[in-house]
Amino acid sequence: MTSIDSPLDKTTAVPRPRSSGDHEGHLLEVRDLHVEFHTRDGVAKAVNGVNYSVDAGETLAVLGESGSGKSVTAQAVMGILDMPPGRIPQGQIFFRGQDMLTMSAEERRKIRGRKIAMIFQDALSSLNPVLSVGYQLGEMFRVHQGLSKKDAKAKAIELMDRVKIPAAKARVGDYPHQFSGGMRQRIMIAMALALEPDLIIADEPTTALDVTVQAQVMDLLAELQREYNMGLILITHDLGVVADVADKIAVMYAGRIVETAPVHELYKRPAHPYARGLLDSIPRLDQKGQELYAIKGLPPNLLKIPAGCAFNPRCPKADDICRTEIPALAPVTEQDGTELPGRGSACHFWKETIHG
Ligand SMILES: Nc1ncnc2c1ncn2[C@@H]1O[C@H](COP(=O)(O)OP(=O)(O)O)[C@@H](O)[C@H]1O
Ligand SMILES: [Mg+2]
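Conventions and cut-offs
Each chain has its residues counted from 1, following the order in which its sequence is written. Both sets of labels track the order of writing: A upward for chains, 1 upward for ligands. In view of the model being predicted, local features appear only for residues whose pLDDT reaches at least 70, and side-chain atom pairs are presented and counted only at 80 or more, with totals across whole chains, interfaces and linings using the full set of residues. The side-chain numbers reported here are obtained from all heavy atoms of the structure, hydrogens and water having been left aside. Where helices and strands are cited, they refer to DSSP runs of H or I of at least four residues and of E of at least two residues respectively, numbered from the N terminus. It only takes one pair of heavy atoms within 4.5 Å for two residues to be counted as in contact. Using a 1.4 Å probe, accessible areas were evaluated by the Shrake-Rupley method; residue-level cover was limited to the displayed protein chains. Charged residues are defined narrowly, with Lys and Arg counted positive, Asp and Glu counted negative, and His plus the chain ends left uncounted. Just so you know, the charge point we use is NZ for Lys, CZ for Arg, CG for Asp and CD for Glu. Under the scheme applied here, a residue whose accessible area is under 20% of the maximum for its type counts as buried, over 50% as exposed, and between as partly exposed, the area being computed with a 1.4 Å probe on protein chains only. For two strands to be treated as a pair, DSSP must find at least two bridges joining them. The cutoff for a nearby residue is simple: one of its non-hydrogen atoms must lie within 4 Å of the molecule or strand. Whenever a nitrogen or oxygen atom comes within 3.5 Å of another N or O atom, the pair is scored as a polar contact, on the condition that within protein one atom can donate a hydrogen and the other can accept it, and that pairs from neighbouring residues in sequence are kept only if both atoms are in side chains. Here the term charged refers only to Asp, Glu, Lys and Arg, the term nonpolar to Ala, Val, Leu, Ile, Met, Phe, Trp, Tyr, Cys and Pro, and the term polar to all other amino acids, Gly among them. When two rings of Phe, Tyr or Trp (its six-membered ring) have centres within 6.5 Å they constitute a pair, described as stacked for plane angles under 30 degrees, edge-to-face for angles over 60, and tilted for the intermediate range. A positively charged side chain is recorded as over a ring if its NZ (Lys) or CZ (Arg) lies within 6 Å of the ring centre. The angle to the ring normal must also be within 35 degrees. With axes taken as lines fitted to C-alpha atoms, and helix axes fitted only over the stretch in contact, angles between N-to-C directions fall between 0 and 180 degrees. By definition in this entry, angles of less than 35 degrees are roughly parallel, angles greater than 145 are roughly antiparallel, angles of 65 to 115 are roughly perpendicular, and the rest are oblique. Working rule for handedness: look at the near helix, and if it is turned counterclockwise from the far one by less than a right angle, call the crossing left-handed; if clockwise, right-handed.

The secondary structure content of the chain amounts to 12 helices and 12 strands. When the backbone C-alpha atoms are referred to their principal axes, the chain occupies close to 65 × 55 × 45 Å. Long-range pairs, those at least 24 residues apart, make up 64% of the contacts in the chain with a sequence separation of at least 6. Here the chain displays about 16,900 Å² of accessible surface, and carbon together with sulfur accounts for 51% of that area. For the chain, the distance from the average position of its 41 positive side-chain charges to the average position of its 44 negative side-chain charges is 4 Å.

Printed below as a string of structure tokens:
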């Protein structure tokens, strides 16, 4: 039996362990990552052994309700975690095979911001309100590539064109508040693209936007990702937004990955009751008029994660074992045992869930 407090907890270690140098050539690989926050009320265990990888040209969607540790994981990758109160007691973050948690600050700086860029939900608070967008875009080229003011401005216009901002040349001197929310998010994408990174982490990039604008911005991101052959990590609480653009999906709950799957397979046949619940709570065109399902209860308090499977208090399938043993993220197979590549479920009852 495993306990969530055990530092040797191997419950999420599906494709592991491998020798530490073996990263299988992934662009990014997060391995057994743990993040905790030391607060006045106790230790909040925000990330509890996350494993995921992304390759060039691949899109990984990270899905889960608010508070499941999606952003904290990304912040650890990006090196922008609040430390303290945050702490990484365990784990590795390989970028092209090198662990960013153990490399020198100098080496890390070369990667973060240049090779890995991040896009946030709220462009208004990420952009400087008193500088024109052209200036802010141009700054990337002036600071990092030493371009002249004039050349940097030309580059800024080019980037604005790339992200399909109409009349880029005329608008390069405009300020952030003069753009719509969707256009501002395009400017954030342009900023992220400026140095042609290998990986973009987009944390709820369209959450603040109207539904139609969401789809446009998401399509643009997907298009640019293909064109530049970048890796993309798309963080979202909304499965509907990522279904068309992601290759694979990792579902997080209480700081753990509870299901991994190629995105369309998760849609067709979820293997974890939590993923099933998320799916059933999306409005569908073919089920008009039907009442929408909502997962009962709330995500756990991270200061006091339930014993066993953290989802058990909300799970319709929960049994005794679920209240005592943390389920490992186990490979998911067909009924006859045929492997389903890329699929894993951290549910004691995954078989019933997918095949039942
Ligand atoms: N700076 C912080 N200080 C204390 N706790 C934090 C901090 N940032 C995040 N947390 C904790 O980590 C949990 C997970 O946060 P987060 O990764 O942002 O969730 P989400 O999945 O919504 O992105 C939060 O619910 C909170 O308990
Ligand atoms: Mg978040």
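The buried count for strand β8 (residues 231-236) comes to six of six residues, which makes it a mostly enclosed element. On β8, burial covers both faces: Gly231, Ile233 and Ile235 on one face and Leu232, Leu234 and Thr236 on the other are all buried. With five bridges joining them, strand β3 (residues 59-63) and β8 adopt parallel strand pairing. Each residue of the ladder has a partner; that of Thr59, found in β8, is Leu232.

With that out of the way, let us pick up the site of ligand 1. Surrounding ligand 1, one finds 13 residues, the nearest of these being Gly67, Gly69, Lys70, Ser71 and Val72. A distance of 2.8 Å separates an oxygen atom of ligand 1 from a polar side-chain atom of Lys70. Burial of ligand 1 by the protein chains amounts to 68% of its free accessible area of 570 Å². Sort the elements by how many residues they give to the shell around ligand 1 and helix α1 (residues 70-78) lands first, with three residues. Of the residues assigned to the shell around ligand 1, the class counts are five nonpolar, five polar and three charged.

Taken as a whole, this structure holds three aromatic pairs when the rule is applied. Judged by centre distance (5.1 Å) and plane angle (80 degrees), the ring pair of Tyr253 and Phe311 falls under edge-to-face. Taken together, the residues Tyr253 in strand β9 (residues 248-253) and Phe311 in the loop between α11 (273-280) and β11 (330-333) connect sequence positions 58 residues apart. In this structure Phe311 comes out as buried when scored by relative accessible area, which is 2%. An aromatic cluster of at least three residues, connected via ring pairs, comprises Tyr253, Tyr274 and Phe311. When the ring centre of Phe179 is taken as origin, the NZ or CZ atom of Arg171, which lies over that ring, is 4.0 Å away.

Before going further, it helps to spend a moment on α1. Burial analysis of α1 places seven of its nine residues in the buried class, which makes it a mostly covered element. Among all positions of α1, only Lys70, Val72, Thr73, Ala74, Ala76, Val77 and Met78 are buried. Note on α1: the residue one or two positions beyond its end, Gly79, has a positive phi of about 75 degrees.

Moving on, we come to the pairing of strand β7 (residues 199-203). Burial within β7 is extensive, with five of its five residues counted as buried. Both faces of β7 are covered, namely the face carrying Leu199, Ile201 and Asp203 and the face carrying Ile200 and Ala202. Sheet topology note: the strand β6 (residues 116-119)/β7 ladder contains four bridges and is parallel. Among the inter-strand pairings, Ala117 is bridged to a residue of β7, identified as Ile200. One ladder, built from five bridges, connects β7 with β8; its direction is parallel.

What follows is about the packing of helix α4 (residues 133-145) against helix α7 (residues 181-193). How two helices sit against one another is set out by the angle between their axes and by the gap between those axes. The geometry of α4 relative to α7 is characterised by a closest axis approach of 9 Å and an angle of 15 degrees between their N-to-C directions. Put simply, α4 runs roughly parallel to α7. Two packed elements cross with a definite hand, and for α4 against α7 that hand is right-handed. When α4 is examined against α7, the residues Val133, Gln136, Leu137 and Met140 are found in contact with a partner set consisting of Ile187, Ala190 and Met191. Among the residues making up the contact of α4 with α7, the classes are represented as six nonpolar, one polar and no charged.

Following Met83, the chain continues into Pro84 via a peptide bond in cis, with omega recorded as -10 degrees. Position of Pro84 relative to the elements: it lies in the loop between α1 and β4 (86-95). For the bond from Pro84 to Pro85, the omega torsion is 10 degrees, close enough to zero to count as cis. One can find Pro85 in the loop between α1 and β4. The phi angle at Glu196 is positive, at roughly 50 degrees, despite the residue not being glycine. When you line up the elements, Glu196 lands in the loop between α7 and β7.

Moving on, we come to the packing of α4 against helix α5 (residues 149-162). The geometry of α4 relative to α5 is characterised by a closest axis approach of 8 Å and an angle of 115 degrees between their N-to-C directions. Taken together, the axis directions place α4 and α5 in an arrangement best described as roughly perpendicular. With respect to the hand of their crossing, α4 and α5 are arranged in right-handed fashion. Seen from α4, the contacting residues are Val133, Gly134, Leu137, Gly138, Phe141 and Arg142; seen from α5, they are Lys149, Ala152, Lys155, Ala156, Leu159 and Met160. Residues belonging to the contact of α4 with α5 are distributed by class as follows: seven nonpolar, two polar and three charged.

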